[in-house]
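Listed here are the chains, written in short residue letters.
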Number of protein chains: 2
Amino acid sequence: MSTKPLSTSSSDEGATVERGGSAAQRDRRRRILDATYALAAEGGFDAVQMRAVAEKADVALGTLYRYFPSKIHLLVSALGRQLDEDAPRLQERPVPGDTPADRVLFVLKRMARGMQGDPKLTEALTRAFMFADSTVTTEIDRVGASMTAIVTHAMRGEDSEAPVTEEEVAIARVLGDVWLATLVSWVTGRASAAETAAHMETAVRLVLR
Amino acid sequence: MSTKPLSTSSSDEGATVERGGSAAQRDRRRRILDATYALAAEGGFDAVQMRAVAEKADVALGTLYRYFPSKIHLLVSALGRQLDEDAPRLQERPVPGDTPADRVLFVLKRMARGMQGDPKLTEALTRAFMFADSTVTTEIDRVGASMTAIVTHAMRGEDSEAPVTEEEVAIARVLGDVWLATLVSWVTGRASAAETAAHMETAVRLVLR
DNA sequence: CACGGAACTGGAACGTGTTGCTGATTATGC
DNA sequence: GCATAATCAGCAACACGTTCCAGTTCCGTG
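Residues numbered from 1 in each chain as written. Chains lettered and ligands numbered in written order. Predicted model: local features only at pLDDT ≥ 70, side-chain atom pairs only at ≥ 80, totals over all residues. Heavy atoms only, no water.

## Topic: the overall build of chain A
Thinking step 1. Regarding its fold elements, chain A presents nine helices and zero strands.
Thinking step 2. Along chain A, helices and strands appear, N-terminal first, in the series α-α-α-α-α-α-α-α-α.
Thinking step 3. Sequence-distant contacts in chain A: of pairs separated by 6 or more residues, those separated by 24 or more amount to 70%.
Thinking step 4. Carbon and sulfur atoms form 52% of the exposed surface of chain A, whose accessible area is close to 10,300 Å². (Helix = DSSP H or I, 4+ residues; strand = E, 2+ residues; numbered from the N terminus. Contact = heavy atoms within 4.5 Å. Areas by Shrake-Rupley, 256 points an atom, 1.4 Å probe, with all protein chains shown as cover.)

## Considering the protein's contact with DNA strand D
Thinking step 1. Taken together, 19 residues lie near DNA strand D, and R51 of chain A together with R28, A60, T63 and Y67 of chain B sit nearest.
Thinking step 2. Each atom of DNA strand D within 4 Å of the protein was assigned to sugar, phosphate or base; sugar and phosphate come to 68%.
Thinking step 3. R51 of chain A is positioned with one of its side-chain polar atoms (N or O) 2.8 Å from a base nitrogen of DNA strand D.
Thinking step 4. Elements that contribute at least two residues to the surface near DNA strand D include exactly α2 (50–57) and α3 (61–67) of chain A together with α1 (23–43) and α3 (61–67) of chain B.
Thinking step 5. Of the residues that constitute the surface near DNA strand D, the class distribution is nine nonpolar, four polar and six charged. (Near = heavy atom within 4 Å. Polar contact = N/O pair within 3.5 Å; in protein donor to acceptor, adjacent residues only side chain to side chain. Nonpolar A, V, L, I, M, F, W, Y, C, P; charged D, E, K, R; others polar.)

## Remarks on the side chain of E168 of chain B
Thinking step 1. Along the chain, E168 of chain B falls in helix α8 (residues 166–187).
Thinking step 2. Every residue in contact with E168 of chain B, bar those within four places of it in the chain, is listed here: T152, M155 and R156 of chain B.

## As for the packing of aromatic side chains
Thinking step 1. Under the definition given, this model contains one aromatic pair over all chains.
Thinking step 2. The interplanar angle of 85° and the centroid separation of 5.9 Å between the aromatic rings of F131 of chain A and F45 of chain B together place this pair among those described as edge-to-face. Pair noted here: F131 of chain A is in helix α6 (residues 119–131) and F45 of chain B is in the loop between α1 and α2 (50–57), and the two residues belong to different chains.
Thinking step 3. In this arrangement the basic side chain of K71 of chain A is found over the ring face of F45 of chain A, its NZ or CZ atom lying 4.1 Å from the centre. (Phe/Tyr/Trp six-rings, centres within 6.5 Å; stacked < 30°, edge-to-face > 60°. Lys NZ or Arg CZ within 6 Å of the ring centre and 35° of its normal.)

## A closer look at the interface of chain A and chain B
Thinking step 1. Taken together, the contact between chain A and chain B spans 29 residues of the former and 28 residues of the latter.
Thinking step 2. Summing both sides of the interface, chain A and chain B together bury roughly 2,600 Å²; the carbon and sulfur share of this comes to 65%.
Thinking step 3. Counting the surface chain A buries against chain B, the share from its top three residues, F131, R190 and L206 of chain A, is 23%.
Thinking step 4. Between chain A and chain B we count zero salt bridges in total.
Thinking step 5. Counting every contact that joins chain A to chain B gives six residue pairs in polar contact (both at pLDDT 80 or more).
Thinking step 6. When residues of the side of chain A that touches chain B are traced back to their parent elements, those giving at least two are α6, α7 (137–155), α8 (166–187) and α9 (193–207) of chain A.
Thinking step 7. Looking at the side of chain A that touches chain B, the element that brings in the most residues is α8 of chain A, giving 10 residues. (Buried area = accessible area lost by both parts, 1.4 Å probe. Salt bridge = Lys/Arg side-chain N within 4 Å of Asp/Glu carboxyl O.)

## Considering the pattern of salt bridges
Residues and elements named next belong to chain A.
Thinking step 1. Using the criterion set out here, one finds 20 salt bridges over all chains in the structure.
Thinking step 2. The salt bridge involving R31 is made with D27; its shortest N-O contact spans 2.8 Å. Here D27 and R31 lie together in helix α1 (residues 23–43), a separation of four residues that amounts to about one turn.
Thinking step 3. For D27, a relative accessible area of 29% translates into the label partly exposed. (Buried < 20%, exposed > 50% of the residue type's maximum accessible area, 1.4 Å probe, protein only.)

## Some words on the environment of T126 of chain B
Residue and element names in this part refer to chain B.
Thinking step 1. For T126, the location among the structural elements is in helix α6 (residues 119–131).
Thinking step 2. On the basis of relative accessibility, which here comes to 6%, the residue T126 falls in the buried class.
Thinking step 3. Sequence spacing of T126 and L180 is 54 residues, and the spatial spacing of their C-alpha atoms is 8.4 Å.
Thinking step 4. Setting aside anything within four residues of it in sequence, one finds T126 in contact with L183, V184 and V187.

## Focus: α6 of chain B
Thinking step 1. For α6 of chain B, which comprises 13 residues, the first-to-last C-alpha distance of 18 Å matches the rise-based estimate of 18 Å (1.5 Å per residue) to within 8%.
Thinking step 2. In terms of residue burial, α6 of chain B counts as a mostly covered element, since 10 of its 13 residues are buried. (Expected span 1.5 Å × (residues − 1).)

## A look at the relation of the copies chain A and chain B
Two chain copies, one operation linking them: a rotation about an axis together with a shift along it.
Thinking step 1. With an RMSD of 0.1 Å, the operation that places chain A on chain B is a rotation of 180° combined with a shift of 0.1 Å along the axis. The superposition operator between the copies reduces to a two-fold rotation axis. (Least-squares fit on C-alpha atoms with pLDDT ≥ 70 in both.)

Function cannot be inferred from these measures alone, as they are strictly geometric.
The following block contains the structure:
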């Protein structure tokens, strides 16, 4: 057991550096995630090789491992950062659509379009997500929370008041599960984009009625 | 591209040997799958090491790769064989329960119990399933078909007549997706058995009503 | 400023999936 | 029974994730 290298200022942040550290450290972290993102977008999961990330981010391999204890953490963190950046922008305007089903379908289809425009990136992040174990729980939970937030926000339209109900969360989680499974079959080349869209639509209409 | 080593007698069987070949070959295949199964049950995904499988099955590493082109194919094939053996036995008696929801929950919980009794094995097979790419489509589809068959069979109770409807298949697929996602979070240690059971129950009640 | 420890670099090394090679063994057609 | 091809065992080698180590640089503190 070696010295725990970096720690977040306030809370125990599980595995990876978040906001603490010097400016140089925050910059290294950013460079690493940028490199990861670029390599993933270019060549998918297999192209995100730790040596390549380290070189592209201009850090040593050991440093990369100090920041992210595994390739999985690295990729899941990259996905987390992306969602953190996208989520607010996606939620500023009310979602168009007359029924919850319509609105949820709207946001899911928009997400699907986004991911299908970057298939390699999507493949890399999905693979990582699927391969994650309990040491990545922190990061995964963050992604899951973003996901359900997006869906529940779409379910209720204008009246974004009142706390989210149990029922709504349950529905969002089910849809999130279907989304994930569908994503996996798309990523692994077992289903076409059209099939995934149709399947998601079926699921939404089954659950929201 | 080397010579295509083994081929099924009648149809193109994608990647792995099925029933063709000599008795010795069928026996080797069986030994390999047995060894895979045993190692997986004992130590999970990581314990299924190709060298170890080869040794335990008493074949050379090259031979193992001749029969199964990758570790993933190997594990998914093992899962497929297992389902093929279990599915008929599970379907001979009508499923108890008064409503489709009750019956589906019954079979899903029975499956869950089975898998939770063999956590390492389940982990290994789930991981493989998640990591599979399009070269494993044949095997994966077989598993998916078994899964939807089990669920649709449970949805309709006694009256097992009349062809399965589109709607029923759609529902079964959605439940299969939730099942898979839930399984993944259980396998990866991000959710307890009780949580997965509760979540499945919620999903079933949402979809079947 | 000088010190001391944490962080970083560069690189070697290990484990495991995968591939390639060579000679022995087995099956198959005649 | 034999020639020939297919199959197999045994082994070396490669790729990539991960670990480890020795030396160097950075940075806060006395």
